[in-house]
Amino acid sequence: NFIPCLKDYLSGQIHSIDYSGDEQEFSDDERSQVVLANNQLFEHSILWINYTTYDLWREQDSINLHMHADIMILSHENDDD
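Residues numbered from 1 in each chain as written. Predicted model: local features only at pLDDT ≥ 70, side-chain atom pairs only at ≥ 80, totals over all residues. Heavy atoms only, no water.

Trainee: Could you give me a rundown of helix H1 (residues 2-14), with the residues and numbers involved?
Mentor: The α-helix advances 3.6 residues per turn, and as a result positions three or four apart in sequence lie on the same side. In this model, H1 (13 residues) spans 18 Å end to end at C-alpha, consistent with the 18 Å of a helix rising 1.5 Å per residue. Buried residues of H1: Leu6, Lys7, Asp8, Ser11 and Gly12, and no others. Check the buried side of H1 and you find it contacts helix H2 (28-31). In the stretch just after H1, Ser16 is the one whose phi turns positive, near 55 degrees. (Helix = DSSP H or I, 4+ residues; strand = E, 2+ residues; numbered from the N terminus. Expected span 1.5 Å × (residues − 1). Buried < 20%, exposed > 50% of the residue type's maximum accessible area, 1.4 Å probe, protein only. Contact = heavy atoms within 4.5 Å.)

Trainee: I'd like a rundown of unusual backbone geometry, residues and numbers included.
Mentor: Here the phi dihedral of Asn38 falls at roughly 55 degrees; this positive angle occurs in a residue that is not glycine. The topology assignment puts Asn38 in the loop between H2 and strand S1 (46-52). You can call Asn38 exposed: its relative accessible area is 67%. Even without being glycine, Leu56 reaches a positive phi, approximately 70 degrees. For Leu56, the location among the structural elements is in the loop between S1 and strand S2 (58-64). The class for Leu56 is exposed, based on a relative accessible area of 70%.

Trainee: Please set out the pattern of salt bridges residue by residue, giving values where relevant.
Mentor: Per the counting criterion, the structure on display carries two salt bridges. Residues Arg31 and Asp8 are paired through a salt bridge, measuring 2.8 Å at the closest nitrogen-oxygen approach. One end of the pair, Arg31, is in helix H2; the other, Asp8, is in helix H1, with 23 residues separating them in the sequence. Asp8 shares its class with Arg31; the two are buried. Between Arg31 and Asp28 there is a salt bridge, with its nearest N and O atoms 3.0 Å apart. With Arg31 and Asp28 both in helix H2 and three residues apart, the pair spans about one turn of that helix. Residue classification places Arg31 among the buried residues on the basis of a relative accessible area of 16%. Overall, Asp28 belongs to the exposed group, its relative accessible area being 59%. Within the structure, one salt-bridge network assembled from shared partners comprises Asp8, Asp28 and Arg31. (Salt bridge = Lys/Arg side-chain N within 4 Å of Asp/Glu carboxyl O.)

Nothing here speaks to function; it is all geometry.
Given below as structure tokens:
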């Protein structure tokens, strides 16, 4: 079940579909458009992120799983409240 969910997520990113809180499901034909080279995924312990600061400088930061693996991200806000 992991691969179809991964392909759904990647298809949504490719088609610039905004996350609405619900999972977007794609057809098998649409999923087949996402090809994983040699059916391989690789795990990395460090994620490098390039970004632009408020004063328009380029910066780079990292997330290292072996040092401080805790990160915070924004979650989707529900309109139900």
